[in-house]
Number of protein chains: 4
Amino acid sequence: LKEAAVAVRSRDLRLILTDVDGVLTDGTLWFSADGAESKGFHARDGLAAKLAMAAGLELGMISGRSSDVVSRRARELGIEIVLQGIKDKKARVEQLLAERGLAWTNVAYIGDDVVDTACMNAAALSAAPADAPLDIRAQAFMITDAAGGHGAFREFVEAILRARGDWERVIAPYGATAL
Amino acid sequence: LKEAAVAVRSRDLRLILTDVDGVLTDGTLWFSADGAESKGFHARDGLAAKLAMAAGLELGMISGRSSDVVSRRARELGIEIVLQGIKDKKARVEQLLAERGLAWTNVAYIGDDVVDTACMNAAALSAAPADAPLDIRAQAFMITDAAGGHGAFREFVEAILRARGDWERVIAPYGATAL
Amino acid sequence: LKEAAVAVRSRDLRLILTDVDGVLTDGTLWFSADGAESKGFHARDGLAAKLAMAAGLELGMISGRSSDVVSRRARELGIEIVLQGIKDKKARVEQLLAERGLAWTNVAYIGDDVVDTACMNAAALSAAPADAPLDIRAQAFMITDAAGGHGAFREFVEAILRARGDWERVIAPYGATAL
Amino acid sequence: LKEAAVAVRSRDLRLILTDVDGVLTDGTLWFSADGAESKGFHARDGLAAKLAMAAGLELGMISGRSSDVVSRRARELGIEIVLQGIKDKKARVEQLLAERGLAWTNVAYIGDDVVDTACMNAAALSAAPADAPLDIRAQAFMITDAAGGHGAFREFVEAILRARGDWERVIAPYGATAL
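So, here's what we can say about the structure. Owing to the predicted nature of the structure, the values given are computational and were not obtained by experimental measurement.

Rules behind the numbers
- Residues numbered from 1 in each chain as written.
- Chains lettered and ligands numbered in written order.
- Predicted model: local features only at pLDDT ≥ 70, side-chain atom pairs only at ≥ 80, totals over all residues.
- Heavy atoms only, no water.
- Least-squares fit on C-alpha atoms with pLDDT ≥ 70 in both.
- Contact = heavy atoms within 4.5 Å.
- Patch = residues over 30% accessible without salt bridge, like charges linked within 9 Å, V, L, I, M, F, W, Y side chains within 5 Å.
- Areas by Shrake-Rupley, 256 points an atom, 1.4 Å probe, with all protein chains shown as cover.
- Salt bridge = Lys/Arg side-chain N within 4 Å of Asp/Glu carboxyl O.
- Lys, Arg positive; Asp, Glu negative; His and termini not counted.
- Charge placed at Lys NZ, Arg CZ, Asp CG, Glu CD.
- Helix = DSSP H or I, 4+ residues; strand = E, 2+ residues; numbered from the N terminus.
- Buried < 20%, exposed > 50% of the residue type's maximum accessible area, 1.4 Å probe, protein only.
- Pairing = 2+ DSSP bridges.
- Buried area = accessible area lost by both parts, 1.4 Å probe.
- Polar contact = N/O pair within 3.5 Å; in protein donor to acceptor, adjacent residues only side chain to side chain.
- Phe/Tyr/Trp six-rings, centres within 6.5 Å; stacked < 30°, edge-to-face > 60°.
- Axes fitted to C-alpha atoms, helices over the stretch in contact; angles between N-to-C directions.
- Expected span 1.5 Å × (residues − 1).
- Arc of directions from axis to C-beta.

## Observations regarding the relation of the copies chain A and chain B
Part 1 of the reasoning: Under the fitted operation, chain A is carried onto chain B by 0.0 Å of movement along the axis and a turn of 90 degrees, and the coordinates agree to an RMSD of 0.0 Å. Interpreted geometrically, this transformation is the action of a four-fold axis.
Part 2 of the reasoning: Little of the interface of chain A is mirrored in chain B, where only 11% of its interface residues again form contacts.

## A few points about a negative patch on the surface
Part 1 of the reasoning: On the surface, a cluster of negative charge is made up of Asp-34 of chain A, Asp-34 of chain B, Asp-34 of chain C together with Asp-34 of chain D.
Part 2 of the reasoning: With respect to the element layout, Asp-34 of chain A can be found in the loop between β2 (28-32) and β3 (37-42).
Part 3 of the reasoning: Taking relative accessible area as the criterion, Asp-34 of chain A reaches 55% and is therefore assigned exposed.

## Considering the arrangement of the chains
Part 1 of the reasoning: Structurally, chain B and chain C remain out of contact, their C-alpha atoms never closer than 12 Å.
Part 2 of the reasoning: Regarding chain A and chain D, which are not in contact, the minimum distance between any of their C-alpha atoms is 12 Å.

## Observations regarding the pairing of strand β2 (residues 28-32) of chain D
Part 1 of the reasoning: Across the 5 residues that make up β2 of chain D, a large majority, 5, are buried.
Part 2 of the reasoning: Residue alternation in β2 of chain D divides its side chains into two sets, Thr-28, Trp-30 and Ser-32 of chain D and Leu-29 and Phe-31 of chain D, and both sets are buried.
Part 3 of the reasoning: With 5 bridges connecting them, strand β3 (residues 37-42) of chain C and β2 of chain D associate as antiparallel partners. Pairing of Lys-39 of chain C across the sheet is with Phe-31 of chain D, part of β2 of chain D.
Part 4 of the reasoning: Between β2 of chain D and the antiparallel strand that follows it, strand β3 (residues 37-42) of chain D, lie 4 residues; Gly-35 of chain D among them carries a positive phi value of about 95 degrees.

## Considering the environment of Ala-5 of chain A
Residue and element names in this part refer to chain A.
Part 1 of the reasoning: Note on placement: Ala-5 falls in helix α1 (residues 2-10).
Part 2 of the reasoning: Residue classification places Ala-5 among the partly exposed residues on the basis of a relative accessible area of 25%.
Part 3 of the reasoning: Placed 121 residues apart in sequence, Ala-5 and Ser-126 show a C-alpha to C-alpha distance of 12 Å.

## Considerations on the pattern of salt bridges
Part 1 of the reasoning: Throughout the structure, instances matching the rule amount to 67 salt bridges over all chains.
Part 2 of the reasoning: As a salt-bridge pair, Arg-44 of chain A and Asp-131 of chain C come within 3.9 Å of each other at their nearest N and O atoms. With Arg-44 of chain A in helix α2 (residues 43-54) and Asp-131 of chain C in the loop between β7 (125-128) and α6 (134-137), this pair bridges two chains.
Part 3 of the reasoning: Owing to a relative accessible area of 27%, Asp-131 of chain C belongs among the partly exposed residues under this scheme.

## Here's the deal with the interface of chain A and chain B
Part 1 of the reasoning: Counting residues at the interface gives 28 residues for chain A and 29 residues for chain B.
Part 2 of the reasoning: Between chain A and chain B lies a buried interface of about 2400 Å² when both sides are counted; carbon and sulfur atoms form 54% of it.
Part 3 of the reasoning: Inspection of the chain A/chain B interface yields 6 salt bridges.
Part 4 of the reasoning: Note that Arg-154 of chain B and Asp-113 of chain A form a salt bridge whose closest N and O atoms lie 2.4 Å from each other.
Part 5 of the reasoning: Looking at the side of chain A that touches chain B, the elements that each hand over two or more residues are β2 and α5 (117-122) of chain A.
Part 6 of the reasoning: No other element matches β2 of chain A, which puts 5 residues into the side of chain A that touches chain B.

## Looking at the sheet that holds strand β6 (residues 107-110) of chain D
Residue and element names in this part refer to chain D.
Part 1 of the reasoning: Read from one edge to the other, the open sheet built from 6 strands follows the order β5-β4-β1-β6-β7-β8, with strand pairing classed as parallel. Edge strands, defined here as strands with exactly one partner in the open sheet, are β5 (81-83) and β8 (142-143).
Part 2 of the reasoning: Pairing of strand β4 (residues 58-62) with β5 involves 3 bridges; the strand directions are parallel. Within the sheet, the bridge partner assigned to Met-61 lies in β5 and is Val-82.

## Points about the interface of chain C and chain A
Part 1 of the reasoning: With 28 residues of chain C at the contact, the number on the chain A side is 29 residues.
Part 2 of the reasoning: Summed over both sides, the interface between chain C and chain A buries roughly 2400 Å², with carbon and sulfur atoms accounting for 54% of that surface.
Part 3 of the reasoning: Linking chain C to chain A there are 6 salt bridges.
Part 4 of the reasoning: Glu-37 of chain C is the partner of Arg-72 of chain A in a salt bridge, and the nearest nitrogen-oxygen pair spans 4.0 Å.
Part 5 of the reasoning: For the interface between chain C and chain A, the tally reads 12 residue pairs in polar contact (both at pLDDT 80 or more).
Part 6 of the reasoning: At the level of secondary structure, the elements contributing two or more residues to the side of chain C that touches chain A comprise β2 (28-32) and α5 (117-122) of chain C.
Part 7 of the reasoning: Residue contributions to the side of chain C that touches chain A peak at 5 residues, all from β2 of chain C.

## With respect to the packing of aromatic side chains
Part 1 of the reasoning: Taken as a whole, this structure holds 8 aromatic pairs over all chains when the rule is applied.
Part 2 of the reasoning: A centroid spacing of 5.6 Å and a plane angle of 80 degrees characterise the contact between Trp-30 of chain A and Trp-30 of chain C, whose relative ring orientation is edge-to-face. Within this pair, whereas Trp-30 of chain A is found in strand β2, its partner Trp-30 of chain C is found in strand β2, the two belonging to separate chains.
Part 3 of the reasoning: Overall, the relative accessible area of 16% leaves Trp-30 of chain A in the buried class.
Part 4 of the reasoning: Measuring from centroid to centroid gives 5.7 Å for Phe-31 of chain A and Phe-41 of chain B, while their planes differ by 70 degrees, and the two rings are edge-to-face.

## Structural notes on the sheet that holds strand β5 (residues 81-83) of chain C
All names here are of chain C.
Part 1 of the reasoning: Taken in spatial order, the 6 strands of this open sheet run β5-β4-β1-β6-β7-β8, and their pairing is parallel. Of all the strands in the sheet, just β5 and β8 (142-143) have a single pairing partner and so form its edges.
Part 2 of the reasoning: Packing of helix α7 (residues 152-163) onto the sheet brings it into contact with β1 (15-18), β4 (58-62), β6 (107-110), β7 and β8, and relative to β6 it is tilted by some 155 degrees.

## Thoughts on the relation of the copies chain C and chain A
Part 1 of the reasoning: After a rotation of 90 degrees and a shift along the axis of 0.0 Å, chain C superposes on chain A with an RMSD of 0.0 Å.
Part 2 of the reasoning: A distinct binding surface is used by each copy, with only 11% of the interface residues of chain C retained as interface residues in chain A.

## Things to note about helix α4 (residues 89-100) of chain D
Residue and element names in this part refer to chain D.
Part 1 of the reasoning: Taking 1.5 Å per residue as the helical rise, α4 with its 12 residues ought to reach 16 Å, and the 17 Å between its terminal C-alpha atoms agrees with that figure.
Part 2 of the reasoning: Along α4, the residues classified as buried are Lys-89, Val-93, Leu-96 and Leu-97. Buried residues along α4 cover an arc of 100 degrees about the axis, so they all sit on one side. For α4, exposure combined with an orientation more than 90 degrees from the buried face picks out Ala-98 and Glu-99.
Part 3 of the reasoning: In this fold, the buried residues of α4 make contact with β1 (15-18), β4, β5, β6 and α5 (117-122).
Part 4 of the reasoning: Two to three positions downstream of the cap, the backbone nitrogen of Lys-90 sits 3.3 Å from a side-chain oxygen, assigning the N-cap of α4 to Asp-88.
Part 5 of the reasoning: Of the residues one or two after α4, Gly-101 is the one with positive phi, at around 65 degrees.

## Comments concerning the pairing of β1 of chain C
Successive side chains on a regular strand alternate, one facing one side of the sheet and the next facing the other.
Residues and elements named next belong to chain C.
Part 1 of the reasoning: Because side chains alternate across β1, one face comprises the buried residues Leu-15 and Leu-17, and the other comprises Ile-16 and Thr-18, equally buried.
Part 2 of the reasoning: As judged from the 4 bridges shared by β1 and β4, these two strands associate in the parallel manner. If you follow Leu-15 over to β4, its bridge partner there is Glu-58.
Part 3 of the reasoning: Here β1 runs beside β6; their pairing, made up of 4 bridges, is parallel. Each residue of the ladder has a partner; that of Leu-17, found in β6, is Tyr-109.

## Some remarks on the side chain of Arg-154 of chain B
Part 1 of the reasoning: Its location among the elements puts Arg-154 of chain B in helix α7 (residues 152-163).
Part 2 of the reasoning: According to the relative accessible area criterion, Arg-154 of chain B is buried, its value standing at 3%.
Part 3 of the reasoning: Beyond its immediate stretch of four places on either side in the chain, Arg-154 of chain B contacts Asp-113, Val-114 and Pro-133 of chain A together with Arg-44, Asp-45, Ala-48 and Trp-167 of chain B.

Structure, rendered in structure tokens:
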């Protein structure tokens, strides 16, 4: 039943948007005494990003904070939409959609905090990581088994690509078969 | 029942004090060979700090250790009360309260070790993270579902702001609605 | 029963191959603002590597990504087979096997993502860490209790060495006895 | 019953020895591309070390690996016995005991791998962290609820100090009372 619902909501997707801290990372902001700031991204999320793009979906990152590390990770993955320092995420996404002639029915969104719920409620499909606060999980269509920074994004992508029937095709170049 | 008790204890709060290592972080002190020391703070705790200040509460950090990284994180969040290298935390907090004309009935305190229990027992409301030692959790009014460094502080702040009826108002600027 | 099956599949092993990110690490790629990239390897996996080599097995790392940190860790452990930046892992392993006159019946393989399943299905014995995606775990002969980066590799090695009757002998120099 | 047994075994303790990687840390060895190596130690273990010393017990670290970071952490805590790069730990500890006129009945030992079991079996009291391999846990007198690097050492120390009747006295300077 859930899978059927994901399939209906995934049909018209064109764009997967993800929050950064707490979704692509476990939420930890690392500060070192010499002023460097670090973040940890998961390898499986990186591969999932490539699979989603191979399936013809566009990806974007949207964050309330700003960090060079995020730009660097996006560059590495070939993600061009990187919106940082955004307070009102829903307004910013609507501007993006207008520029590209897209609608919320074309958008899947994964987030973990109050700054994300407006987008989660507007998007065709939404998810929150397993360790998101209760109130946020309650507003998400899917809750991933994985916590933020531990493959939550990959789980969301896999669910979408399977629902759209794209999964087997995009993993085939790796010699993989799907169960 | 618990919520009603939190509400009574939250009514007169003016100040939320938090220990650092083990509450705002998971307790890990990172040492690198080149002498740098790092700590990891959680993004959701940072947003919670801003929400608490938006609700008119003052925040403070109090630590038995000393680290530039803590000062830097406090500065980033706009937290002015940063007490480091404190052995007798209760005495130091009482000095602070005297300076500001406040009493323990105005204080909420979250901590994770024996150095915190005196403050926890004196404060109007107290909490310990899910992974605090048994003896510490036993002396806390609330035990958060989240472990230290994984959103324990945010959970404490959300419980307080909800009990005071401030939550919906402070998350509204982010386009968020509360359940 | 499972142990008997592991024993049969371990009899002809000559080579243990392991993926890196998500198996030897928890999958997290650490990016710092100054451009440094870090990975975390587990001490118990390092000791297991030495025990496997003491039992006469050769070890190899194979990764879809490339990082100096991996080469450094391999050097520290005395592992000479380090294959990085490999997209089609199965083809690359078959080239390696041809060079050495080995066959898949001589290979044990542990991996955590779609890029690993072709090797997992070809190898005599395969494993996936506890936190690998469901689809990957379903294609592994063994699922370790430990997650990636937390001793999954060591568990795989211990199971193999016990099944081959080598465990007691290789831990003896440490004054250890096996239960 | 368990507590009574710990009490009997703790009566003559003079020295608490701890392995480093996997006990004082979560076992992760952090390698950065620029060659720096880092470890993470837990703040609560640090306080526990101070409490143990305040109770008149001596502390020592013993590791199969070698790292400046370990020396630095030991110095910060005032721990003078730091034995690194030790392959046969039991022989090395017996040399230490001979130098100081102590016996294994004076020693408590916490470790997490095959290199530690000889010491664990010889010591008056032994422990392994919750996430140690099954075979190691099976040879420990106590298994801590906490995993390595998350307060396992502190739990071991607290159990010893409580069994010896020292706990209340050593936490009193922090204004703390024990339950």
